[in-house]
Amino acid sequence: MRSDIPVMISAERIQQRVDELGHEIASVYQGRPITIVGVLTGCLVFLADLIRRLDFPLKIALVQASSYRGAATTPGQLHVQDELLPDLNGRHILLLDDILDSGQTLHYMVEHLRKNGAATVRVAVLLRKLGRQKVALEPDFRGFDIPDEFVVGYGLDYNDEYRNLPFIGMLPPDSR
Ligand code: 5GP
Ligand code: MG
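Source: prediction; values computed, not measured.

K.L.:
Quick question: what am I supposed to make of the packing of aromatic side chains here?
P.N.:
Given two aromatic rings, their pairing is described by the distance between the two centres and the angle made by the two planes. Overall, the coordinates contain two aromatic pairs when judged by the stated rule. On the numbers, 6.3 Å between centres and 85 degrees between planes, the contact of Phe 150 with Tyr 158 is edge-to-face. Each member of the pair, Phe 150 as well as Tyr 158, carries the same accessibility label: buried.

K.L.:
Explain the pattern of salt bridges here, please?
P.N.:
Here the idea is simple: oppositely charged side chains can pair when their charged atoms come close. Applying the stated rule across the entire model yields 12 salt bridges. Glu 138 is the salt-bridge partner of Arg 128, the closest N and O atoms lying 3.3 Å from each other. You can see Arg 128 sitting in strand E6 (residues 120-129) and its partner Glu 138 sitting in the loop between E6 and strand E7 (141-146), a full 10 residues away along the chain. With a shortest N-O distance of 3.0 Å, Asp 145 and Arg 142 are connected by a salt bridge. Accessibility expressed as a relative area gives 34% for Asp 145, which makes it partly exposed. A residue is classified by how much of its surface remains accessible, and Arg 142, at 28% relative accessible area, is partly exposed. In this structure, a network of salt bridges that share partners links the residues Arg 128, Glu 138, Arg 142 and Asp 145.

K.L.:
Looking at this model, I keep getting lost on the environment of Asp 140. Mind explaining?
P.N.:
Within the secondary structure, Asp 140 sits in the loop between E6 and E7. Asp 140 gets classed as partly exposed once you look at its relative accessible area, which sits at 41%. For Asp 140 and Val 125, which are 15 residues apart along the polypeptide, the C-alpha to C-alpha distance reads 8.5 Å. Leaving out residues up to four positions away in the same chain, Asp 140 has contacts with Arg 122 and Val 123.

K.L.:
Please clarify how the site of ligand 1 should be interpreted in this entry.
P.N.:
The environment of ligand 1 is formed by 16 residues, the closest being Ser 102, Gly 103, Thr 105, Val 151 and Asp 157. Within the contact set of ligand 1, an oxygen atom lies 3.2 Å away from a side-chain nitrogen or oxygen of Asp 97. Within the contact set of ligand 1, a nitrogen atom lies 2.7 Å away from a backbone nitrogen or oxygen of Asp 157. Summarising the interface, the protein chains cover 92% of the accessible area of ligand 1, which totals 510 Å² for the free molecule. Listed by contribution, the elements that provide at least two residues to the shell around ligand 1 are strand E5 (92-100) and helix H3 (104-115). Here the shell around ligand 1 takes three residues from E5, the largest share from any one element.

K.L.:
Please explain the nonpolar core as it appears in this structure.
P.N.:
Grouped together as the largest cluster of nonpolar side chains are 27 residues, with contacts concentrated most on Leu 126, Leu 127 and Ile 168. Those elements that place two or more of their residues in this core are strand E1 (7-9), helix H1 (11-29), strand E2 (34-40), helix H2 (44-51), E5, E6 and E7. If one sorts the elements of this core by residue count, H1 sits on top with five residues. The contacts of Leu 126, once residues within four sequence positions are left out, are Ile 14, Val 18, Phe 46, Asp 97, Asp 98, Arg 142, Gly 143, Phe 144, Tyr 154 and Ile 168. Counting 19 residues, the second-largest nonpolar core is a separate cluster that includes Val 39, Leu 85, Ile 93 and Leu 106.

K.L.:
I tried to follow the sheet that holds strand E3 (residues 58-66) on my own but got confused; where do I start?
P.N.:
Sheets are built from strands that pair by backbone hydrogen bonding, the pairs being arranged parallel or antiparallel. Read across the sheet, six strands follow the order E4-E3-E2-E5-E6-E7 without closing on themselves; strand pairing throughout is mixed. Lying at the two open borders of the sheet, with one neighbouring strand each, are strand E4 (79-81) and E7. Across the sheet, the mean angle from the axis of one strand to that of its neighbour is 25 degrees, orientation sign disregarded. Here E3 runs beside E4; their pairing, made up of three bridges, is antiparallel.

K.L.:
Looking at this structure, how should I read the sheet that holds strand E9 (residues 168-170)?
P.N.:
Strand order in the open sheet formed by three strands is E1-E9-E8, with antiparallel pairing between adjacent strands. Across the chains shown, the open sheet's two edge strands, defined by having one partner strand only, are E1 and strand E8 (151-152). The pairing of E1 with E9 spans two bridges and is classified as antiparallel. The residue of E9 that forms the bridge with Ile 9 is Ile 168.

Cut-offs and rules
Residues numbered from 1 in each chain as written. Chains lettered and ligands numbered in written order. Predicted model: local features only at pLDDT ≥ 70, side-chain atom pairs only at ≥ 80, totals over all residues. Heavy atoms only, no water. Phe/Tyr/Trp six-rings, centres within 6.5 Å; stacked < 30°, edge-to-face > 60°. Buried < 20%, exposed > 50% of the residue type's maximum accessible area, 1.4 Å probe, protein only. Salt bridge = Lys/Arg side-chain N within 4 Å of Asp/Glu carboxyl O. Helix = DSSP H or I, 4+ residues; strand = E, 2+ residues; numbered from the N terminus. Contact = heavy atoms within 4.5 Å. Near = heavy atom within 4 Å. Polar contact = N/O pair within 3.5 Å; in protein donor to acceptor, adjacent residues only side chain to side chain. Areas by Shrake-Rupley, 256 points an atom, 1.4 Å probe, with all protein chains shown as cover. Core = buried A, V, L, I, M, F, W, Y, C linked by side-chain atoms within 4.5 Å. Pairing = 2+ DSSP bridges. Axes fitted to C-alpha atoms, helices over the stretch in contact; angles between N-to-C directions.

Structure below.
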């Protein structure tokens, strides 16, 4: 399964970059407690790796958002389920997602969290696809800028598979 997926970003480079992001995030919050709001399901691997680099008080909350099916990357109808969110009033929020594509998911979530009384909302993404943003949204923290390719691995799926790859790979059109 792994051997036929071309590597875009190796597992080692991801780990090194997540280390750096951990330092960047720690230096911005200066020990203030935060709530990391992860966007399911793609955030899971990034979230798990990142939080073990953060040595200050933090809580984790999760929302489910989905906006595409299969490899069609034209944004579909955005579905957000936020029943799992605790009271975020007055909290410093770090919104975490796997990839910034059109921007519609994160833009919606930032507004939603602000409306719900968050003290501050910042955004961290592992990947940002260049040339795809339709909604102006500048992530506060980002791992890598990537070209406009459909990627899988390290949490990102195709039809819910490939999330367990330790690297970011490009899904060849014939596997779709
Ligand atoms: P946005 O709202 O920014 O258009 O969509 C972001 C969501 O679309 C991501 O959280 C992710 O679930 C999905 N997505 C966008 N591009 C890709 C991609 O190249 N690969 C995968 N697996 N998911 C993607
Ligand atoms: Mg997603």
